[in-house]
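# Descriptive analysis of the structure
One letter stands for each residue in the lines below.
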Amino acid sequence: MESKCTIISTGMKSSEPLAVDLTDEPPSISEALSESHYFIPQPVTRFSNTSRIPLSSRSLSFMQEFFPGATPSDWANWQWQIRNSIITLENIGRIIHLNEDETSAIMQHAGGVPLRITPYYASLLSRDNPSQAIRKSVIPVMGEYISSPCEAEDPLSEDEQSPVSGLVHRYPDRVLFLTTGFCSTYCRYCTRSRMVGNNNRFRGSISQWHNAIAYIENTPAVRDVLISGGDPLTLPDSQLEYLLGSIARIPHVEMIRLGTKVPVVLPQRITPKLIRILKRFRPLWMSIHFTHPDELTPETAAACNLLADAGIPMGSQTVLLKGINDDVNILKSLYHGLLRIRVRPYYLYQCDPILGSSHFRTSVAKGLEMIEGLRGHTTGYAIPQYVIDAPGGGGKIPLLPNYFQGYDNGDIVLRNYEHKMFRYPDSLPAGL
Ligand code: SF4
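Rules behind the numbers
Residues numbered from 1 in each chain as written. Predicted model: local features only at pLDDT ≥ 70, side-chain atom pairs only at ≥ 80, totals over all residues. Helix = DSSP H or I, 4+ residues; strand = E, 2+ residues; numbered from the N terminus. Expected span 1.5 Å × (residues − 1). Buried ≥ 20, exposed ≤ 12 C-beta atoms within 10 Å, placed from the backbone. Arc of directions from axis to C-beta. pLDDT = per-residue confidence, 0-100. Contact = placed C-beta atoms within 7 Å. Pairing = 2+ DSSP bridges. Axes fitted to C-alpha atoms, helices over the stretch in contact; angles between N-to-C directions. Core = buried A, V, L, I, M, F, W, Y, C linked by C-beta atoms within 7 Å. Near = placed C-beta within 6 Å. Nonpolar A, V, L, I, M, F, W, Y, C, P; charged D, E, K, R; others polar. Parallel < 35°, antiparallel > 145°, perpendicular 65-115°, else oblique. Left-handed = near helix turned anticlockwise from the far one by under 90°.

This part covers helix α8 (residues 206–217). With twelve residues, α8 extends 16 Å between its outermost C-alpha atoms, agreeing within 8% with the 16 Å of an ideal straight helix rising 1.5 Å per residue. Looking at α8, one finds that the buried residues are Trp 209, Ala 212 and Ile 216. Along the long axis of α8, the arc covered by the buried residues comes to 65°, so they all point the same way.

Structure follows, in structure tokens:
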């Protein structure tokens, strides 16, 4: 249904690609699946597009105030959400009261990660408090323009470890498949800020996909493909289905993972049709990018529960961010909430040193303090692995507080969460 918005005009520039630029329609993959060794073919069923994501009272009143011409069915339509995303100073300034710093940062913006926020996610932002955690994660500030010597455009050297465009091969048995440079909402601290939202730097295309798929086909060591971006769940269903089918048919690929923030910023995208597509490619795992407990809304809970009911295992990936979630109680609240919606906290990332990230980065000691405050104090499932993605392309390196205290007379000496010391016999008696 067409929007009749009268206050917020459509945020979509006509020249901006919604997703991958496919010059022709993807071919059918219905036969391909039967060739897969690992993926269980599921029957193709008729798709329904009826949203099962609730319209919360918060969303409703926000929609009525800022999109008075829109209907609940507009709001529930993920493409309406993308078309009406907030991308201009004028529009965001009508929704929240920008302070001087935010206003200057948006006015000066050129290149880099653009401003883009779905109406749904905008409804979660505080109007008057620039210190609100999730507001800081999506609204530019002048700190973005301050770079320090340790920062880099591509600190993880993904471009150097890219054997073909759009694919990163860092670890022996798995690859990262970059599908698109588009996200429905852009995070200011994005590791891939060099390429997201910037069409000149990364523009997915069907030929690029084909080259990446051919690389996987010709590399038998690859058993795990992580599909990411940008956000792959912003792709149209037909493209996503084509990509999943093309990867699933490769005999040595055992599993697919999808990295996405869509259930958090655009839960309306989790449609019955999408669920049915995803279910056809088991085993498919989903890594969801959560940041703060303010993101745990009825809409996001419904999206995650739909995915869980469909048998899709979900983990969360959270970047540790200064003044946003670097507090044990905030993380505990987030992780408890995630377990309630069947999402397992998976990684807590030290923030990558991208250009202009110093206002987001904490010390590593702060990250260890988070784990110290969780381990032993809550359910083990609620504790993610704290990792640094090593600058230079060294991969994820896990970090733990100093529970291991050393060796003593054949024992190892251990410290528990209460700072009590224990010994474990690490050597067996002679002869055994
Ligand atoms: S959703 Fe992911 S890829 Fe997109 S801006 Fe945020 S961190 Fe970057």
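Regions with low pLDDT carry predicted coordinates that are not meant to be interpreted in detail. Averaged over every residue, the pLDDT of the protein chain is 89; residues scoring 70 or more account for 88%. Within the model, the stretch residues 1–35 combines pLDDT values under 50 with 76 contacts to residues more than four positions away or in other chains. In the model, residues 40–48 has pLDDT below 50 throughout and makes twelve contacts with residues more than four positions away in sequence or in other chains.

With respect to topology, three strands assemble into an open sheet ordered β10-β11-β12, the strand pairing being antiparallel. The open sheet has two edge strands with one neighbour each: β10 (404–408) and β12 (421–425). Within the sheet, the average angular offset between the axes of one strand and its neighbour, ignoring direction, is 25°. Across four bridges, β10 lies against strand β11 (residues 411–415) in antiparallel orientation. Opposite Asp 408, over in β11, you have Asp 411 as the bridge partner.

Formed by 99 residues in total, the largest nonpolar core has its most connected members in Val 175, Phe 177, Ile 216, Val 225, Ile 247 and Ile 256. Here the element with the most residues in this core is helix α9 (residues 237–248); it accounts for six residues. Those residues in contact with Ile 247 that sit more than four places away from it in its chain are Ile 213, Ile 216, Val 225, Val 253 and Ile 256.

Right, let's get into the pairing of strand β2 (residues 174–178). Burial within β2 is extensive, with four of its five residues counted as buried. Here strand β1 (residues 167–171) folds back onto β2, and the loop between the two strands holds two residues. In terms of strand pairing, β2 meets strand β3 (residues 224–228) through five bridges, oriented parallel. Pairing of Arg 174 across the sheet is with Asp 224, part of β3.

What follows concerns the site of the ligand. With respect to spatial proximity, the complete set of residues near the ligand consists of Cys 183, Tyr 186, Cys 187, Cys 190, Arg 192, Val 196, Gly 229, Gly 230, Asp 231, Lys 261 and His 289. Here the shell around the ligand is composed, by residue class, of five nonpolar, three polar and three charged.

For the rest of this paragraph, the subject is unusual backbone geometry. If a residue is not glycine, its phi is most likely negative; likewise, a peptide bond is most likely trans. Residues Gly 229 and Gly 230 are joined by a peptide bond in cis, for which omega reads 20°. On the secondary structure map, Gly 230 appears in the loop between β3 and α9. A cis amide bond, omega 0°, links Arg 282 with the succeeding residue Pro 283. Residue placement: Pro 283 occurs in the loop between α11 (272–279) and β5 (284–289). A positive phi angle is found at Ser 157, which is not glycine, with a value near 55°. Relative to the helices and strands, Ser 157 resides in the loop between α7 (133–138) and β1. Overall, Ser 157 belongs to the partly exposed group, with 16 C-beta atoms counted inside 10 Å.

Another aspect to go through is the packing of helix α13 (residues 328–340) against helix α14 (residues 364–374). The geometry of α13 relative to α14 is characterised by a closest axis approach of 9 Å and an angle of 60° between their N-to-C directions. Overall, the two elements α13 and α14 adopt an arrangement that is oblique. Where α13 crosses over α14, the two elements pack in a sense that is right-handed. Two secondary-structure elements touch here, α13 through Val 328, Leu 331 and Lys 332 and α14 through Met 370, Gly 373 and Leu 374. Of the residues that constitute the contact of α13 with α14, the class distribution is four nonpolar, one polar and one charged.

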